[in-house]
Amino acid sequence: MRAEELSLRTTVPPSQVPGYRMERLLGQGAYGQVWIATNLNTGRAVAIKFYLHRAGVNWSLLTREVRNLVSMSGNRAIVQVLEVGWDSEPPYYVMEYLENGSLDDLIRNRGAVPVPRSVELFAGIATGLNHSHGKGVLHCDLKPANVLLDQDMQPRIADFGQSRLSNEQTPSLGTLFFMAPEQADLNAVPDVRWDVYALGAILYCMVVGTPPYRTPETVTTLDTASSLSERLKRYRDTILKSPYPRLHYRAPGIDRSLCSIIDRCIAKKPEDRFDNVQQVLAALERRNINRLRLPLMILGILGPILLVSIMGLSFWRAASVAESDLANELREVALQSNSFAAESAAGTLESELSGLFRLVEEEAKRSALEDRFNACVAAAGNELLQSLATEQSAPVDSRATLVDLPARAELETLLNQRLEWIRSRGGPGKRTRFDSLFITDRYGTMLAAAFENEPSSAPIGDNFAYRSYFSRSEEHTSELQSPCNLVC
């Protein structure tokens, strides 16, 4: 967290926008960065999205987001565009800033959302999405991170960067676990039922706390794919071959009709889903009407039974007071005992973690590691390292040049030796659980790595500056001598 904070502090905005004062970086994605700024005339906080230049980007695809947002202006459920600067370098647009963050932030911080609140948010998102579809705009990347919360904690749909018009034939990829299985295809034709699936996945995520089909095993399977097409194929196969998710049936306060709405939204086959968002809203309205009638029906049928039950309960309660008091006392004793055991275990674990962190710090301070690291950086040269760090996709020959350096091979040999020593530290019965060590330069480029089980292709030359463990230090002023990041 400290490394991430330092990285944000050293970041400067891509450019200055006339009439606005840049405050801080809010986030960044595939096309650029979003900054919080203040309007110098009104003092209003806004969000400015910069489209940073990247090789091969089709700018007509980027302008689609602004055009679609402008076409839906005036709807409260859609984030509003205030100003556009396509002639600037880099291009940008100004939109309203919603200080309560996103629905994803809410779920991450609080876990599952209570069912009544989930239904309220779901209805607001569906209403905004229905308005978007009415304008002929398919979102195609609907997820909690793209649903912002305004000052009244009401949902506002944002980020139409992947959106398509209903008559377009261009494929669009969404986000894993919120993307319909048939959408995970580079030849797929946009379909309104993609957004229906994402809408149901969002409701499922709110009431459960995680999106459907997401498990540690599934994430590992997808992350080990060798290419984008292979990753998409594994995603499709995972959904189609997995059993239907059922965790939402166990959510506190949920009812069967709401579960049915979720099930139909996230059906694996498009023909089994709602045909459009309007049908989703109609099903939600029928559920609300039935819930209003349900108390009257229950009261008319169960009223007499309830009266007799209350009388019997009162008699039974008098006889069970003594038993309840005894159970409470036993429970209190058990809680005290469990609390002591938990504190003891936590202290032991804290001590073990501190020892592991000290071990990594000691390894990073070894003079042999520093000497070989500096030799590797000097052999590579600042020009090569900067090219690997600044290119979105570093050239293959640049990476090959780095991999073939003898100084880099010596650094990697040292890392393998140290990893072997670390893992054997403490004897056969107390092996240190380190699976890998790797080292990056001050730009975040991996120079060498050591693994317990040698991988098929180590990502030498890849840049990891975006990771939270990377911290760029300014202590070294030399062009070649760079601070290193040793990571276990």
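In case you missed it, the structure is sitting above this.
Residues numbered from 1 in each chain as written. Predicted model: local features only at pLDDT ≥ 70, side-chain atom pairs only at ≥ 80, totals over all residues. Heavy atoms only, no water.

Asker: Honestly, the overall build of the chain in this entry has me stumped. Any pointers?
Answerer: Each helix and strand in the chain was counted, giving 13 helices and 12 strands. For the chain, the proportion of its 488 residues judged to be buried stands at 41%. Long-range pairs, those at least 24 residues apart, make up 61% of the contacts in the chain with a sequence separation of at least 6. For the chain, the exposed surface amounts to about 27,200 Å²; the carbon and sulfur share of it is 54%. (Helix = DSSP H or I, 4+ residues; strand = E, 2+ residues; numbered from the N terminus. Buried < 20%, exposed > 50% of the residue type's maximum accessible area, 1.4 Å probe, protein only. Contact = heavy atoms within 4.5 Å. Areas by Shrake-Rupley, 256 points an atom, 1.4 Å probe, with all protein chains shown as cover.)

Asker: Explain unusual backbone geometry here, please?
Answerer: Most peptide bonds adopt trans geometry, and most residues besides glycine take a negative phi value. The residue after glutamate 89, namely proline 90, is reached through a cis peptide bond having omega 0°. The topology assignment puts proline 90 in the loop between β4 (81-85) and β5 (92-96). With phi around 70°, tyrosine 213 is a residue other than glycine that occupies positive phi space. Within the secondary structure, tyrosine 213 sits in the loop between α5 (192-208) and α6 (216-223).

Asker: Help me understand helix α10 (residues 367-380) in this model?
Answerer: Owing to its 3.6 residues per turn, the α-helix aligns residues three or four sequence positions apart on the same side. The end-to-end C-alpha separation of α10 is 20 Å, in line with the 20 Å expected for 14 residues at 1.5 Å each. What α10 keeps buried is the set Leu369, Phe373, Asn374, Cys376, Val377 and Ala380. Each buried residue of α10 lies within a common arc of 160° when the element is viewed along its axis, so the set occupies one face. Those residues of α10 that are exposed and angled more than 90 degrees off the buried face are Ser367 and Asp371. (Expected span 1.5 Å × (residues − 1). Arc of directions from axis to C-beta.)

Asker: Help me understand helix α11 (residues 382-390), please; the structure alone is not making it clear to me.
Answerer: Every buried residue belonging to α11 is among Asn382, Leu384, Leu385 and Leu388, and all of these are buried. Seen along its axis, α11 keeps its buried residues to an arc of 165°; they face one direction. Seen from the buried face of α11, the exposed residues on the opposite side, beyond 90 degrees, are Glu383 and Thr390.

Asker: Just to check I follow, could you spell out the packing of aromatic side chains for this structure?
Answerer: For any pair of aromatic rings, the description rests on two quantities: the centre-to-centre distance and the angle between the ring planes. One pass over the structure, following the stated rule, counts four aromatic pairs. Judged by centre distance (6.0 Å) and plane angle (75°), the rings of phenylalanine 177 and tyrosine 235 are edge-to-face. With a gap of 58 residues between them, phenylalanine 177 in the loop between β9 (164-165) and α5 and tyrosine 235 in helix α7 (residues 228-241) connect regions that are remote in the sequence. The pair phenylalanine 177 / tyrosine 235 is uniform in exposure class, with both members buried. Where phenylalanine 464 meets tyrosine 466, the ring centres are 6.4 Å apart and the plane angle is 25°; that geometry is what we call stacked. Aromatic ring contacts, followed pair by pair, group Phe438, Phe464 and Tyr466 into a single cluster. Of note, lysine 268 hangs over the ring of tyrosine 244, and the distance from its end group to the ring centre comes to 4.7 Å. (Phe/Tyr/Trp six-rings, centres within 6.5 Å; stacked < 30°, edge-to-face > 60°. Lys NZ or Arg CZ within 6 Å of the ring centre and 35° of its normal.)

Asker: Would you mind going over empty space enclosed by the protein with me for this structure?
Answerer: It is the rolling of a water-molecule-sized probe over the atoms that shows where space remains empty. Per the counting criterion, the structure on display carries two cavities of 30 Å³ or more. A volume near 40 Å³ is recorded for the largest cavity. Together, Cys140, Asp141, Leu142, Gly174, Thr175, Phe178, Met179, Gln183, Trp194, Asp195 and Ala198 line the largest cavity. The residue inventory of the lining of the largest cavity, partitioned by class, reads six nonpolar, three polar and two charged. (1 Å grid on protein atoms, 1.4 Å probe; cavity = no way out; pocket = protein on both sides within 12 Å on 5 of 7 lines; lining within 4 Å. Points joined across faces, edges and corners; volume = space filled by probe spheres on them. Nonpolar A, V, L, I, M, F, W, Y, C, P; charged D, E, K, R; others polar.)

Asker: How should the environment of glutamine 151 be read in this particular structure?
Answerer: Inspection of the secondary structure puts glutamine 151 in the loop between β7 (147-149) and β8 (155-157). Along the primary structure glutamine 151 and leucine 98 are separated by 53 residues, whereas in three dimensions their C-alpha atoms are 6.9 Å apart. The contacts of glutamine 151, once residues within four sequence positions are left out, are Glu99 and Asn100.

Asker: Honestly, the sheet that holds strand β2 (residues 32-39) in this entry has me stumped. Any pointers?
Answerer: Remark on secondary structure: sheet strands pair via backbone hydrogen bonds, oriented parallel or antiparallel. Strand order in the open sheet formed by five strands is β1-β2-β3-β5-β4, and the pairing between neighbours is antiparallel. A single partner strand is all that each edge strand has here, and the edge strands are β1 (20-28) and β4. Going across the sheet, the axis of each strand differs from the next one's by a mean of 25°, ignoring polarity. Here strand β3 (residues 45-51) pairs with β5 via five bridges, running antiparallel. In the strand pairing of β5, lysine 49 is matched with tyrosine 93. (Pairing = 2+ DSSP bridges. Axes fitted to C-alpha atoms, helices over the stretch in contact; angles between N-to-C directions.)

Asker: Mind showing me how you'd approach the pattern of salt bridges here?
Answerer: Where charged atoms from two side chains of opposite charge come close, those side chains can pair. A full pass over the atoms with the stated rule returns 20 salt bridges. Between aspartate 104 and arginine 108 there is a salt bridge, and its shortest N-O distance comes to 2.7 Å. Here arginine 108 and aspartate 104 lie together in helix α3 (residues 103-110), a separation of four residues that amounts to about one turn. Classification of aspartate 104 as partly exposed rests on a relative accessible area of 21%. Classification of arginine 108 as exposed rests on a relative accessible area of 66%. In this structure, glutamate 230 engages arginine 234 in a salt bridge whose closest nitrogen and oxygen atoms are separated by 3.0 Å. With a gap of four residues between them, glutamate 230 and arginine 234 both fall in helix α7, about one helical turn apart. Shared partners join several salt bridges into a network, and the residues in it are Arg44, Arg76, Glu96, Asp150, Asp152 and Arg156. (Salt bridge = Lys/Arg side-chain N within 4 Å of Asp/Glu carboxyl O.)

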